[in-house]
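Residues per chain, in single letters:
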Amino acid sequence: NFPITSSPAVANGKIFYGTWCQAALCFQAGQFVARDATTGSLLWPNATVPDAAVVSSPSVHNGRVFFGQNDGSVLALDETSGALIWRAATGGNVVVGSAPAVADGRLYVGTANKFIALDEATGTTLWTFNTQGTNATSGAVNNGVVYFGTGRGYVRARNATTGLEVWSYNVGSVVSSSPALALGSNTLVVGAHDRYIYALNTTSGALLWRYLTGSAVSSSPAVADGRVFVGSQDHKVYALGPTASSLQASITASKTILKPGEISTLTITVTNGTDPQSGVTL
């Protein structure tokens, strides 16, 4: 009976997601639900009734489910039973709407005014970065660095252990798109409200390229097969990357008319319309 803006997380044969309700007649703020991924049957819908609405998408790791609430708290539940393992206050009655990122025993969470690192096992705060009253996105973590965007228009890279700055890039517009890593090309891809999709070098933060869409980009990019896929508020989905050439094949025969027992050699030539192509699988 509640809206769902939490993207489901699928793990170990289960589906996890949150719901929310903020109307005056709501009998509870929402639920956090676990369902059987095959049948859809409820596993533990009310093992932990949230104290506040859940718009955060969950993350699952090492038998625990992590998510944020709209009261500024982050919860860790037992994946099997739904029992509360720990609850961490991030500071203030703020929305924790981002999906936690889990890496190397730490949980990274963006809130409405901070980006924080928590101990995965205990929920203890390890370090905090103040985003000066603006929202922080979900983080992307790799090789000891965590990357995230903020409402003040910055894409930031910070040491995942200490929280110290590695680099920051000023987009100059709100960044509500969570960044995505393209590890093969050492690239971080993120959208912004200035209508651009940005590609930054993960090591230095240098701008590699940007692409102009028709409206603000608040969705998070997906990277696969050498391409970037992202939605824009101009009602379009963009696929950015190299365009494969259209291939053509022609066949010639050494003999076109055969008698019994004779052999004709067939030669297949593949071109991109002009130049021959090698290593082509037909």
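Located above this text is the structure these notes cover.
Computed from a predicted model, the values in this text were never measured in an experiment. (Residues numbered from 1 in each chain as written. Predicted model: local features only at pLDDT ≥ 70, side-chain atom pairs only at ≥ 80, totals over all residues. Heavy atoms only, no water.)

Caption draft 1: Quick look at the pairing of strand 13 (residues 145–149). For strand 13, a buried count of five out of five residues is recorded, marking the element as mostly surrounded by other parts of the structure. Burial along strand 13 is two-sided: V145, Y147 and G149 facing one way and V146 and F148 facing the other are all buried. Relative to strand 13, strand 12 (residues 140–142) runs antiparallel, the two sharing three bridges. What sits directly across from V141, in strand 13, is V146. Counting the residues in the hairpin turn of strand 12 and strand 13 gives two residues, including N143, whose phi is positive at 55 degrees. In textbook terms, the turn of a hairpin is the stretch between consecutive antiparallel strands, and for strand 13 and strand 14 (residues 154–159) this stretch comprises four residues, one of which, G153, has a positive phi near 95 degrees. (Buried < 20%, exposed > 50% of the residue type's maximum accessible area, 1.4 Å probe, protein only. Helix = DSSP H or I, 4+ residues; strand = E, 2+ residues; numbered from the N terminus. Pairing = 2+ DSSP bridges.)

Caption draft 2: Local environment of the layout of surface pockets. The space that makes up the largest pocket amounts to roughly 330 Å³. Taken together, 17 residues line the largest pocket, and the ones lying closest to its centre are G97, S98, A99, S138 and S178. Residues that form the lining of the largest pocket fall into these classes: six nonpolar, 11 polar and no charged. (1 Å grid on protein atoms, 1.4 Å probe; cavity = no way out; pocket = protein on both sides within 12 Å on 5 of 7 lines; lining within 4 Å. Points joined across faces, edges and corners; volume = space filled by probe spheres on them. Nonpolar A, V, L, I, M, F, W, Y, C, P; charged D, E, K, R; others polar.)

Caption draft 3: Examining the sheet that holds strand 14 more closely. Across the sheet, four strands lie side by side as 12-13-14-15; this open sheet has antiparallel pairing. At either margin of the open sheet sits one strand with a lone partner, and together these are strand 12 and strand 15 (165–170). Looking at each pair of strands side by side, their axes are set apart by 15 degrees on average, direction ignored. (Axes fitted to C-alpha atoms, helices over the stretch in contact; angles between N-to-C directions.)

Caption draft 4: A look at the side chain of S173. Mapped onto the elements, S173 comes out in the loop between strand 15 and strand 16 (180–182). At 3.0 Å, the side chain of S173 and the backbone nitrogen of D194 are in polar contact. In contact with S173, not counting residues within four places along its chain, are G153, H193 and D194. (Polar contact = N/O pair within 3.5 Å; in protein donor to acceptor, adjacent residues only side chain to side chain. Contact = heavy atoms within 4.5 Å.)

Caption draft 5: Geometry of unusual backbone geometry. Positive phi outside glycine occurs at Q132, with the angle close to 60 degrees. Despite not being glycine, N186 has its phi angle at roughly 55 degrees, a positive value. You can see N186 is positioned in the loop between strand 16 and strand 17 (187–191). Taking relative accessible area as the criterion, N186 reaches 30% and is therefore assigned partly exposed.

Caption draft 6: Geometry of the sheet that holds strand 7 (residues 84–89). Spatially, the four strands line up as an open sheet ordered 4-5-6-7, and their pairing is antiparallel. The strands lining the two open edges of the sheet, one partner per strand, are strand 4 (59–61) and strand 7. Recorded for the sheet is a direction-independent mean angle of 20 degrees between the axes of neighbouring strands. Sheet topology note: the strand 5 (residues 64–68)/strand 6 (residues 73–78) ladder contains five bridges and is antiparallel. Bridged to F66 within strand 6 is A76.

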